[in-house]
Amino acid sequence: MRLGLLNGRAVLVRGDRAADIRWASKGRLHPNPMVLLQNWDHLREWALTLPDHAYDIDVEPTALGAPVPRPRQVFAVALNYPPHAVEAGLTPPDEPLVFTKFPSCVTGPRTTVELPAGKVDWEAELVAVIGRPAHRVPADRAWETVAGLTIGQDLSERITQLQGRPAQFSLGKSFPGFGPTGPVLVTPDEFGDPDDLEITGLLNGEVVQHDRTKSMIFPVPELIARLSAVVPLLPGDLVFTGTPAGVGNRRTPPRYLTEGDELVTRIEGIGEVRQHFTAPAS
Ligand code: ZN
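Turning our attention to the coordination of the zinc ion. Protein coordination at the zinc ion comes from Glu 123 (OE), Glu 125 (OE) and Asp 154 (OD), with a distance range of 1.9 to 2.1 Å. On the primary sequence, the residues serving as donors to the zinc ion are separated as E-x1-E-x28-D. Taken together, the residues span a long stretch of sequence, with Glu 123 in the loop between strand E10 (120–121) and strand E11 (124–130) and Asp 154 in the loop between strand E12 (146–153) and strand E13 (156–157) at a distance of 31 residues. Taken as a pair, Glu 123 and Asp 154 share a single burial class, namely buried.

Next comes the structure, spelled out in structure tokens:
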């Protein structure tokens with residue numbers, strides 16, 4: 001099942017067609033995906049009964065919003081791919097390094113981001129969406145708590161991210177528009193292996209990041225186990241799972257996002273998100 005937000009309403013997506021959940025359920029189901037995520041099993045059971053002719057809306061990619069527009073908690077993980085830890089000059093961690101992207105930065109898949117002053121960088125990431133309350137969940141049961149997977153860009157302003165000792169990551173990763181997500185939330189059963197997906201970042205058409213999610217030091221189930229050992233996870237929470245090698249501040253010379261750039265982030269089986277960048281407001 002693929003859940004999207006089209007013109008502000010929850011839809012099921014199949015190919016380039018969508019079914020409006022509110023209409024197709026004759027008003028029984030809510031048009032807000034945050035409400036649907038509170039009763040995820042119910043939505044999934046209902047979706048199985050939906051006939052082909054219910055998919056009667058053309059999906060215009062630019063009309064898609066964040067599939068999970070108002071998460072209560074957004075977790076993100078640093079240095080979760082060994083080559084990225086190496087390029088950052090750091091040893092791969094023994095425990096996940098966790099920070100937050102404050103939820104106001106979450107946006108949809110096709111956006112224009114106004115660059116703040118500083119050094120804005122890209123981080124292509126797989127994002128896991130929590131589908132049922134999860135507290136102290138063991139890794140071997142963690143996939144049961146996942147509603148689905150989507151794509152995220154963990155946009156990062158490196159000066160703010162790294163200032164102070166110790167550095168505090170979260171503010172520099174939470175400027176307006178710094179959390180693009182989408183284009184849809186895809187349930188785990190749609191993937192041959194949800195732990196092994198190709199992930200690619202392209203800057204102006206050039207591949208700058210490329211890996212497979214099986215390279216993660218802490219895969220999705222392990223992250224959920226470690227996070228939920230401390231914090232109760234809630235339906236609709238997002239987990240940004242870390243980025244592969246190839247970020248801009250580790251290039252020689254460093255390359256940061258500038259006005260006119262186009263950033264595309266793709267994950268196998270989900271689709272792509274696409275960002276354009278405009279100059280900082282003076
Ligand atoms: Zn990241």
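On to helix H3 (residues 40–48). Those residues of H3 that sit buried are Trp 40, Leu 43, Trp 46 and Ala 47. Mapping the buried residues of H3 onto a view down its axis gives an arc of 130°, with all of them on the same face. Facing away from the buried side of H3 by over 90 degrees, the exposed positions are Glu 45 and Leu 48. If you follow the buried residues of H3, they end up packed against strand E1 (2–6), strand E2 (9–14), helix H1 (21–24), helix H2 (33–36), E12 and strand E14 (179–186).

Centre-to-centre distance and the angle between the planes together describe a pair of aromatic rings. All chains considered together, the criterion is met by 2 aromatic pairs. Pairing Phe 175 with Phe 178 gives two aromatic rings, centres 5.2 Å apart and planes at 50°, and the pair type is tilted. You can call Phe 178 buried: its relative accessible area is 0%.

The rules behind these values
Residues numbered from 1 in each chain as written. Predicted model: local features only at pLDDT ≥ 70, side-chain atom pairs only at ≥ 80, totals over all residues. Heavy atoms only, no water. Donors = N, O, S within 2.8 Å, 3.2 Å for Na, K, Ca; no water. Helix = DSSP H or I, 4+ residues; strand = E, 2+ residues; numbered from the N terminus. Buried < 20%, exposed > 50% of the residue type's maximum accessible area, 1.4 Å probe, protein only. Arc of directions from axis to C-beta. Contact = heavy atoms within 4.5 Å. Phe/Tyr/Trp six-rings, centres within 6.5 Å; stacked < 30°, edge-to-face > 60°.

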